[in-house]
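Architecture and fold: a report
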Amino acid sequence: MVALTEGVSERPAPLARAPAVALPGEQTGGGAPVAIRGLRKAFGALDVLRGVTLDFRPGDFIAVVGRSGCGKSTLLRLLAGLERPDDGEIAINGRSVTAGKGITRLMFQDARLLPWQRVLGNVGLGLTGDWRPIARAALREVGLEGRADDWPAVLSGGQRQRVALARALVTRPRLLLLDEPLGALDALTRIEMQELVETVWRHAGFTAVLVTHDVAEAVQLADRVLMIDHGRVVADVAVDLPRPRERGHPGFAALEGGILARLLGRPAANDQGEK
Amino acid sequence: MSAAVRQRAAAAALPWLLPVTALVVWQGLASAGLISSRLMPAPVDVVLAAYSLILSGELVHHLGISLARAAAGFVVGGAIGFLLGLVNGISPLADRLFDTSVQMIRNIPHLAMIPLVILWFGIGEEAKLFLVALGVMFPIYLNTYHGIRSIDRGLIEMAESYGLSGWRLFVQVILPGALPSILVGVRFALGIMWLTLIVAETISSSSGIGYMAMNAREFLQTDVVVVAILLYALLGKIADSVARLFERGFLRWHPSYQ
């Protein structure tokens, strides 16, 4: 079956990020480690998370897959501080979620751009001081510098998510949480966005947690794929394929097939190519 | 003239087609003696009456007073309605405390208060200010409240998770999100503002356009009465145009205004 060891990341060391602008009072530099201990969350009588314990190494790209309602989005919202756990602890960079808010950014399933702010203003949301050059640089990173003065209403779905990505990157987060941000995009835009997310992650070196229902996307991007079922982590799969990954690669297909079979509760259809 | 220019001119002229035709027919009937000038003076007589009122300074005097009353009442009532809508929209506690009372007062036709208002304030400025403010308050209250309540929760959640809170959250997310609805309230309120003022000035006043009209009635100056009525139509149109201008300015981001 799939290997349960942690994959060795062969990603280059985080590059010096353009632009070299650090926000005052913020530490830049690499991803934040995340430690989750015995995390529980219930909504009414429904136990959404039932004791989740995990460690994310700094700079790792983690994908969380599972059926709808398995608790994967709740896990992300707990990490983002949008929900409070009933029990258990989360440490981001050794500190509480509240203390880690400044270094954590969340990308939502819908772009959630403010329609009354132009693209540049959306990217610079929450920044103070001379934020325009910083926001413009973040827009350049996602390839939308030319749309800085447009209203969000005239952008396509993919462009909106690019702006949302720039907005998340502008504060140089050390933990980026992605709540199925590519779920609503068409297939081609989706592949482009996956490449973009991978590129910025390789450059910026943040720890990334991607929630997705698309197993291929998880295998494409992640160092580690976590499967959640009924509020528990049921599998932890290291993805040891060289980047950038090719979907046609036999190792890719085998991993994807194995994880899918597990999610569907079936024995793996073919054992070829598996260790 | 190119076809495009002609088309634009035609489009600009179209809204005025009916009013202008009505004027022409009216003048024709009056000139032919088919309408008694005591019941309905001819347009030309109305224009002449307006001209002499302007020359005597009477028109400007009354117009100025009416405008000042309208503006003062609008500002006072609008501010109260806006603040109340804001507080009730944001705070569930304030909502529970105030909303029932506000709804009860809202359902009293404010013009029914006129006898009471005259007893309270006489026919002075306070009476008009009170009535206009009371009338203007509710559409602005309701639309501010509704605007704030209907803001996309996801946007507020996003803004909070991106570090906005308090005043910055209000200015950057809540207020602009509620603004389309608030401006609808402003347009409603402007209509109510004129209506209230006309009634208040007609019933109890010693100045203003309403007074001018009532005074002219006593002397059977039908042309002056018509001037006053047309003036209200014009003022209403101007107020609505200003409100539209605000909408275009503030809602440029909105797909409906692009």
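Residues numbered from 1 in each chain as written. Chains lettered and ligands numbered in written order. Predicted model: local features only at pLDDT ≥ 70, side-chain atom pairs only at ≥ 80, totals over all residues. Heavy atoms only, no water.

1. A word on the overall build of chain A
Counting its secondary structure elements, chain A contains seven helices and nine strands. By residue count, 52% of the 275 residues in chain A fall in the buried class. A fraction of 69% describes how many contacts in chain A between residues 6 or more apart in sequence connect residues 24 or more apart. Carbon and sulfur atoms provide 51% of the accessible area of chain A, an area that totals close to 12100 Å². (Helix = DSSP H or I, 4+ residues; strand = E, 2+ residues; numbered from the N terminus. Buried < 20%, exposed > 50% of the residue type's maximum accessible area, 1.4 Å probe, protein only. Contact = heavy atoms within 4.5 Å. Areas by Shrake-Rupley, 256 points an atom, 1.4 Å probe, with all protein chains shown as cover.)

2. Thoughts on the sheet that holds strand β7 (residues 207-212) of chain A
Residues and elements named next belong to chain A. In space, the six strands of this open sheet follow the order β5-β6-β7-β3-β8-β9, with mixed pairing throughout. Two strands bound the open sheet, and with one partner strand each, they are β5 (104-107) and β9 (232-238). Strand-to-strand twist of the sheet, defined as the mean angle between neighbouring strand axes without regard to direction, takes the value 20 degrees. The pairing of β5 with strand β6 (residues 175-179) spans four bridges and is parallel. (Pairing = 2+ DSSP bridges. Axes fitted to C-alpha atoms, helices over the stretch in contact; angles between N-to-C directions.)

3. With respect to the interface of chain A and chain B
At the junction of the two partners, chain A supplies 23 residues and chain B supplies 17 residues. When chain A packs against chain B, the two sides together hide about 1900 Å² of surface, and 63% of this comes from carbon and sulfur. The largest per-residue losses of area from chain A upon contact with chain B belong to A:Arg112, A:Trp116 and A:Leu125, which jointly make up 34% of the total buried on that side. A salt bridge links A:Arg77 to B:Glu157; its shortest N-O distance comes to 2.6 Å. Applying the counting criterion to the chain A and chain B interface returns seven residue pairs in polar contact (both at pLDDT 80 or more). Looking at the side of chain A that touches chain B, the elements with two or more residues in it are β5 and α4 (157-169) of chain A. Tallied by class, the residues present in the side of chain A that touches chain B amount to 15 nonpolar, three polar and five charged. (Buried area = accessible area lost by both parts, 1.4 Å probe. Salt bridge = Lys/Arg side-chain N within 4 Å of Asp/Glu carboxyl O. Polar contact = N/O pair within 3.5 Å; in protein donor to acceptor, adjacent residues only side chain to side chain. Nonpolar A, V, L, I, M, F, W, Y, C, P; charged D, E, K, R; others polar.)

4. Notes on the layout of surface pockets
All names here are of chain B. The calculated volume of the largest pocket comes to roughly 500 Å³. Sorting the residues of the lining of the largest pocket by element identifies α1 (3-31), α2 (43-56) and α10 (222-250) as the ones contributing at least two each. Partitioning the lining of the largest pocket into residue classes produces 15 nonpolar, no polar and one charged. (1 Å grid on protein atoms, 1.4 Å probe; cavity = no way out; pocket = protein on both sides within 12 Å on 5 of 7 lines; lining within 4 Å. Points joined across faces, edges and corners; volume = space filled by probe spheres on them.)

5. Examining a nonpolar patch on the surface
Taken together, the side chains of B:Leu234, B:Ile238, B:Val242, B:Phe246 and B:Phe250 present a nonpolar region at the surface, about 480 Å² in accessible area. Using a relative accessible area of 45% as the deciding quantity, one classes B:Ile238 as partly exposed. (Patch = residues over 30% accessible without salt bridge, like charges linked within 9 Å, V, L, I, M, F, W, Y side chains within 5 Å.)

6. Considerations on the packing of aromatic side chains
Enumeration over the complete set of coordinates arrives at eight aromatic pairs over all chains. Aromatic pair A:Trp116 and B:Trp253: ring centres 5.4 Å apart, planes at 70 degrees, arrangement edge-to-face. Taken together, the residues A:Trp116 in the loop between β5 and α2 (119-123) and B:Trp253 in the segment after α10 connect one chain to another. The pair formed by A:Trp116 and B:Trp253 is uniform in burial state, with each residue classed as buried. Chaining the aromatic ring pairs together yields one cluster made of B:Trp120, B:Phe121 and B:Phe130. Taking NZ or CZ as reference, A:Arg167 lies 4.9 Å from the ring centre of B:Tyr162, over its face. (Phe/Tyr/Trp six-rings, centres within 6.5 Å; stacked < 30°, edge-to-face > 60°. Lys NZ or Arg CZ within 6 Å of the ring centre and 35° of its normal.)

7. A few points about empty space enclosed by the protein
Gaps between atoms show up when a probe of the same size as a water molecule is rolled over them. Per the stated rule, a full pass over the model turns up four cavities of 30 Å³ or more. What the largest cavity holds in volume is close to 60 Å³. Every residue along the wall of the largest cavity is listed here: A:Ala80, A:Lys101, A:Thr104, A:Arg105, A:Leu106, A:Leu177 and B:Ser161. For the lining of the largest cavity, the element with the most residues is β5(A), which contributes three residues. Looking at the lining of the largest cavity, its residues break down into three nonpolar, two polar and two charged. Approximately 50 Å³ is the volume attributed to the second largest cavity. Along its surface, the second largest cavity is lined by B:Ile114, B:Val117, B:Ile118, B:Ala127, B:Lys128, B:Leu131, B:Ala200 and B:Ser204. Those elements giving two or more residues to the lining of the second largest cavity turn out to be α5 (114-121) and α6 (125-149) of chain B. Residue composition of the lining of the second largest cavity, grouped by class: six nonpolar, one polar and one charged.

8. Looking at the pairing of strand β8 (residues 224-229) of chain A
Residues and elements named next belong to chain A. Most of β8 sits out of view: five of its six residues are buried. Where strand β3 (residues 61-65) lies against β8, four bridges are found, and the strand directions are parallel. Within the sheet, the bridge partner assigned to Val65 lies in β8 and is Met227. Alignment of β8 against β9, held across six bridges, turns out to be antiparallel.

9. Focus: the sheet that holds strand β2 (residues 46-56) of chain A
Residue and element names in this part refer to chain A. Ordered by their spatial adjacency, three strands build an open sheet running β2-β1-β4, and the pairing between neighbours is antiparallel. The sheet is open, and its two borders are formed by β2 and β4 (87-92), each paired with just one other strand. Going from strand to strand, the sheet's axes swing by 20 degrees on average, the running direction of each strand aside. In this sheet, β4 lies alongside strand β1 (residues 34-43) in antiparallel orientation, the contact comprising five bridges. Bridge pairing links Arg37 to Glu89 in β4. Across the sheet, helix α1 (residues 72-79) lies against β1, β2 and β4, angled at about 120 degrees from β1, the strand it touches most.

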